[in-house]
Amino acid sequence: MLILIEVSTLEMWPDYMYKSVDAVGIGHAPEIDYNPYASLFYVSFIFVITFFIMNLYVGGVTKKFNEIKSELDGTYFLTKE
């Protein structure tokens, strides 16, 4: 679980991906490119999580913008006449 959190921050995720691709099993020595489909998991996880986090960020900014706009009643940039 902690590895997935580290992968979602995009820090050193290729190292974990290569270790997963080379992993054979408990008590066995790693073999190069033993499980290449593990890389598909990492790439798809990164796409899903980064888009999810980006949507949360954009949604939060949009919500705050709309709150400020409604507080100011849309008249902040209008001159008084």
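Residues numbered from 1 in each chain as written. Predicted model: local features only at pLDDT ≥ 70, side-chain atom pairs only at ≥ 80, totals over all residues. Heavy atoms only, no water.

Visitor: Hey, could you run me through the overall build of the chain in this one?
Guide: Within the chain, the regular secondary structure consists of three helices and zero strands. Beginning at the N terminus, the succession of helices and strands in the chain can be written as α-α-α. Its C-alpha radius of gyration of 23 Å places the chain more than 25% over the 12 Å reference for a compact globule of 81 residues. Taken along its principal axes, the extent of the C-alpha atoms in the chain is 80 × 20 × 15 Å. Looking at the 81 residues of the chain, the share that counts as buried comes to 9%. Summarising the internal contacts of the chain: among those between residues at least 6 apart in sequence, 36% fall at separations of at least 24. (Helix = DSSP H or I, 4+ residues; strand = E, 2+ residues; numbered from the N terminus. Rg over C-alpha atoms; globule rule 2.2 N^0.38 Å. Buried < 20%, exposed > 50% of the residue type's maximum accessible area, 1.4 Å probe, protein only. Contact = heavy atoms within 4.5 Å.)

By themselves these figures say nothing about function.
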